[in-house]
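This is what each chain is made of:
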Amino acid sequence: PDGTVRYTTNTNGGPMFVYVKDGRIVRMTPIVLDETDAPSWSIQARGKTFTPWRKSTLSPHASALKSMVYSDKRLLYPMKRVDFDPDGERNPQNRGISGYERISWDEALDTVASEIKRMKKEHGPGAIAIPMPSHHQWGNIGYYLSALLRFGNLIGFTRVHPNPDSWEGWYWGAMHHFGGSLRLGVPSFYGTVEDCLQEAQQIVFWSSDPESTNGLYAGFEGTQRRLWAKELGIEFVHIDPHLNPTAQLLGGKWISIRPATDAALATAIMHVWVAEGLYDKQYVADRSTGFDEWRDYLLGSTDGVPKTPEWQEGETGVPAHVCRALARSWGSKKTYLSAGGLGAGWGGACRSATGSQWARCMILMMAMQGWGKPGINFGNLQFGAPLDYEFYFPGYAEGGISGELAFTASGINNYQRMPHLITMNPVKQMIPRQRLPEAIVEGHSKGFMWDGSSMEAQFAPFEYPMPGYSKIHMLYRYGGSSFGTIAKSTRFEQSYRHPSIEFVVNQSIWFEGDAKYADIILPACTSFERWDISEWANCAGYIHHNNAQLNHRIVTLQHKAIEPLGESKSDYQIYLEILHRLGLGAMFSEGCSELDWCKRVFDSTDLPKYIGWKEFVKKGYYVLPAEPEKTRTAVSMRWYAEGRPKDIPEPHPLPSQFTEEFGKGLETQSGKLEFVSSSLLRGQADNPERPALNRYIPAWEGPHAKELFEKYPLQMISTHPRYSFHTYGDGKDSVLNDIDDHRIFIDGYYYWVMKINPEDAAKRGIRHHQPIRVFNDRGSVIFVADVSPLVGRGLMKTFESNADFDPVHTHGTDGVSDRSGCANVLTSPRPQQQGTEGMAANSCLVEMQPWTPPAGLKS
Ligand code: MGD
Ligand code: MGD
Ligand code: 4MO
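Asker: Can you help me understand empty space enclosed by the protein in this one?
Answerer: Here the idea is plain: a probe the size of a water molecule rolls over the atoms and shows the empty space left. Evaluated as defined, the whole model comprises 6 cavities of 30 Å³ or more. In this structure, the largest cavity encloses a volume near 220 Å³. Lining the largest cavity are 20 residues; nearest its centre among them are Phe178, Gly180, Lys646, Glu650 and Leu666. Of the residues belonging to the lining of the largest cavity, the class tally is 10 nonpolar, 6 polar and 4 charged. Lining the second largest cavity, in full, are Tyr190, Gly191, Glu194, Gly384, Ala385, Pro386, Tyr389, Glu627, Arg632 and Thr633.

Structure representation (structure tokens):
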């Protein structure tokens, strides 16, 4: 009645209602389901019936979106660096230093279009690189794997190839013991909510904090189910250097461990299992290969070192009796292993110097305990709810409107259900994302593939430059997150200023991070200011059935709730206007507006069987009915444990990857769980950092790096930010800044938080909530100290992924630090194992001291 209109949207942290009055967003709330929406499922376990909340749940970063839309860091007009003249002096050395002036859209777009043409004419194919981030605002049309790839393919670009940042140790390590390449080496999860609640006696959380990371994109959907487990008396163990929020909420036993030493603890647990006969001998005999060699390693028959609980104590800091007690409890109870926040994969431990060793151990442990038998599986109730998995709606990595068949999963369903113009990038040259600065500054770089279609693609290196192509001379940077999210990120300053880079354009929503290093800035709008369509948490193509984390599958039309602020435009519109200048506009749009594309996507899905377009547009969302109780999806790996053909709804291994008969056995060469990996033997048998038989090799950056450890005796871990979604949600005047666990406001500046142990603080005269300078040979960063017993002695914990980069003079005559809290200034860009592109930025060595802002430092 007061003129407020309710719209719907979808975000990285859940779907929402958006209330708009007089053209302004006034409120956002979770979607509360009503009687017109499909009924929810229920699960019977141990005499109780559990049914989920009838609403969507929201992550903190989703709740902060209104403040981000109206942030005063929004880029509202096209801008040009004041000392950049495309026809004269370009002054690349001043990128990040000189200021900006407002220009018209015509001037901005004409400059970008003419630079694209000039690159092709003067340098040839390959001269333009498009560095993209790993995430985006939600929505299948606007997603970077959709509109941006379509644009990129139409201009031709050198791909900055991502490393599997979320998966690392699983992709480069775990996969080689069981296959699962299309999940990049993480286990699958079907049916595990019901199985865990009905059968499991214990859950071991290992590098796993789902209450902070919400699995991925899933709001607080898993929280309620974990509370059911508590209600049922299922026991919990948490192995983490940090007494993390999941451990705080659920309780149980916290085992504090030194970062990047987990493989030693895991190995010693397996030693106890062998020594005391606490493993599933029949399963090992029937379902695995190579166990004798593994047993000999555990017992020390091959190297003279029995891997006992006493042996691991010096490495991990976990007392031998605690290790032994855990081994006995695990070996005698039906245990779910929650490895990483997904439960079935990830975890900061997989992004450390020993990440592969740890993830490999996780698979070997489950192989010894009878993986797939009732109550024995991967999971933490985050994944595997009884939903309808037959209904088709595309996930964002199915490529949306890209027409790109090689680097998205478009070819599987999307392209055939929604025929659209195919696009192809004729530039085959690629640069590994972690090595972009070296490619620019040193002129060459080498990396290894991330390609989930096989276990073998990762062994062959690729190099930049590629014969025949131009080196890169123009960066079309999308977003601004490199400083916060890529190891040793000060490398980017140098590369942005390199004279070989003649032109940098940045297309961003906010003035932060990389955006400050551009020559021309194109202001994009938020997803509230344009149309899109999507399903909650569906990133199929990356993670098949990622929506299995939800209590209800919900598809939304993302209404254009407000007009774009200032002169900002949707990314789609920006590409269209550039491509018009190259004669490619119609080829890009196929004559469609963004809303037209939403309709095309709608028509390509199973939605029209249930709801008409007009009704969907009006209502804004549709809830899918759950799976009927009688025909629920089978439990992952149950088929394998019982020696039956595979019976879960994931389309892999690929038909050719079964070694015996379609549907039988695993993707490994033997078709079984392999204690000695045959793919590693074939792929890199001579690589000392990747032995086919897993073994504990101490971290190259840790207590074993003697000289470094004397100089920098503190181990810092950088976990995923609980409140923001990487850089998305941090800085930019977001309300998250006002959460003391995220940033702390002191004398006009919002400092990033570092958790430190009380003894370490006292030794250095550091007080609670005092600014500190944390440093090593790579750089120096200002944080504020959170003095807390939640981290052990010698350990420090911060979040990775702050949004900004703010280098200022902080100490001595020319000491510079990043004042905004980029933990990644301090982390190592070395691959976790030679011969891989796995990043190891999760832990590094540092020292710290109290810090007082020098007089005259502006806030
Ligand atoms: P994001 O913040 O997701 O981080 O690293 P990134 O992918 O680099 O970056 C998204 C960027 O895209 C932001 O700049 C955002 O503003 C921009 N953007 C989003 N939507 C839009 C849009 O609609 N239009 C435009 N124009 N721009 C948009 C994530 C990466 O970080 C990941 S996934 C992992 S797993 C790693 N984790 C990790 C760690 O554990 N420790 C350490 N030390 N480092 C890590 N880095 C990695
Ligand atoms: P992390 O925070 O890196 O998250 O999900 P995860 O990889 O599971 O690690 C989880 C836990 O591992 C932390 O509690 C940390 O203390 C612990 N840990 C760190 N190092 C070690 C170690 O050496 N040993 C042991 N035992 N534990 C260790 C990441 C996932 O989260 C990803 S990949 C993305 S892209 C999303 N990012 C994200 C976000 O940025 N913000 C929010 N709010 N949610 C997110 N969800 C997703
Ligand atoms: Mo990730």
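Having seen it, we continue.
Asker: In this structure, what is going on with the site of ligand 2? I would like to understand it.
Answerer: Taken together, 36 residues sit near ligand 2, with Asp240, Asp262, Gly347, Arg351 and Pro721 positioned nearest. The contact in question runs from a nitrogen atom of ligand 2 to an N or O atom on the backbone of Ile239, over 3.1 Å. Take His726: an N or O atom from its main chain is 2.7 Å from an oxygen atom of ligand 2. Looking at the shell around ligand 2, the elements with two or more residues in it are helix H7 (210-213) and strand S26 (714-719). Of the residues assigned to the shell around ligand 2, the class counts are 12 nonpolar, 19 polar and 5 charged.

Asker: How should I be thinking about the layout of surface pockets in this particular structure?
Answerer: In this structure, the second largest pocket encloses a volume near 1000 Å³. Its residues assigned to classes, the lining of the second largest pocket comprises 25 nonpolar, 13 polar and 6 charged.

Asker: Explanation requested: the sheet that holds strand S1 (residues 5-9) in the structure shown.
Answerer: Pairing between the strands of a sheet comes from backbone hydrogen bonds, and it takes one of two forms, parallel or antiparallel. The strand order across the open sheet built from 3 strands is S1-S2-S3, with neighbouring strands paired in antiparallel fashion. The strands lining the two open edges of the sheet, one partner per strand, are S1 and strand S3 (24-30). Going from strand to strand, the sheet's axes swing by 30 degrees on average, the running direction of each strand aside. Pairing analysis gives 5 bridges linking S1 to strand S2 (residues 16-21), with the strands arranged antiparallel. Paired with Val5 across the strands is Val20, a residue of S2.

Asker: What is the right way to look at the nonpolar core in this model?
Answerer: Soluble, globular proteins show a tendency: their nonpolar side chains are buried together. The biggest cluster of nonpolar side chains holds 241 residues, and the ones touching the most others in it are Trp170, Trp206, Met362 and Tyr476. Those residues in contact with Met362 that sit more than four places away from it in its chain are Trp170, Trp206, Ala266, Leu337, Ala339 and Phe378. Ranked by size, the runner-up nonpolar core spans 8 residues in total, among them Ile746, Tyr749, Ile782 and Trp851.

Asker: Whenever I open this one, the packing of helix H4 (residues 144-155) against helix H20 (residues 571-580) confuses me. Can you help?
Answerer: For any two helices packed against each other, the geometry comes down to the angle between their axes and how far apart the axes lie. Where H4 meets H20, the axes come as close as 10 Å, and the angle between the chain directions of the two elements is 15 degrees. Viewed along their axes, H4 and H20 adopt a mutual orientation that is roughly parallel. Two packed elements cross with a definite hand, and for H4 against H20 that hand is left-handed. Here H4 contributes Ala147, Leu148, Phe151, Leu154 and Ile155 to the contact with H20, which in turn contributes Tyr575, Ile578 and Leu579.

The rules behind these values
- Here the residue numbers are simple positions, counted from 1 along each chain's written sequence.
- Whichever chain is written first is A, and whichever ligand is written first is 1; the rest continue in order.
- Note on the predicted model: pLDDT of at least 70 is required for a residue's local features to be given, and 80 or more for side-chain atom pairs to be given and counted; whole-chain, interface and lining totals, by contrast, use all residues.
- Heavy atoms throughout the structure, all of them, feed into the side-chain values; hydrogens and water do not.
- Of the grid points, spaced at 1 Å and generated over the protein atoms alone, those admitting a 1.4 Å probe that cannot get out make up cavities, while open sets with protein on both sides within 12 Å along at least five of seven lines make up pockets; any residue with an atom within 4 Å of a point is treated as lining.
- Grid points are joined across faces, edges and corners, and a volume is the space filled by probe spheres set on the points.
- In the scheme used here, Gly and all other residues not listed as nonpolar or charged are polar, with Ala, Val, Leu, Ile, Met, Phe, Trp, Tyr, Cys and Pro taken as nonpolar and Asp, Glu, Lys and Arg as charged.
- By convention in these notes, a residue is near a molecule or strand provided one of its non-hydrogen atoms lies within 4 Å of it.
- Pairing of N or O atoms within 3.5 Å defines a polar contact, subject to two protein rules: one partner must be a possible hydrogen donor and the other a possible acceptor, and residues neighboring in sequence count only if both atoms are side-chain atoms.
- Secondary structure elements follow DSSP: runs of H or I of four or more residues count as helices, runs of E of two or more count as strands, with numbering from the N terminus.
- For two strands to be treated as a pair, DSSP must find no fewer than two bridges joining them.
- Note on geometry: axes are C-alpha line fits, over the in-contact stretch for helices, and angles between N-to-C directions span 0 to 180 degrees.
- As used in this record, nonpolar core signifies buried Ala, Val, Leu, Ile, Met, Phe, Trp, Tyr and Cys residues forming a set joined through side-chain atoms within 4.5 Å.
- Under the scheme applied here, a residue whose accessible area is under 20% of the maximum for its type counts as buried, over 50% as exposed, and between as partly exposed, the area being computed with a 1.4 Å probe on protein chains only.
- Two residues qualify as a contact provided that any one of their heavy atoms is within 4.5 Å of a heavy atom in the partner residue.
- Any angle that falls under 35 degrees is termed roughly parallel, while one over 145 is termed roughly antiparallel, one within 65 to 115 roughly perpendicular, and all others oblique.
- Two helices crossing with the near one rotated counterclockwise from the far one by less than a right angle form a left-handed crossing, whereas a clockwise rotation gives a right-handed crossing.

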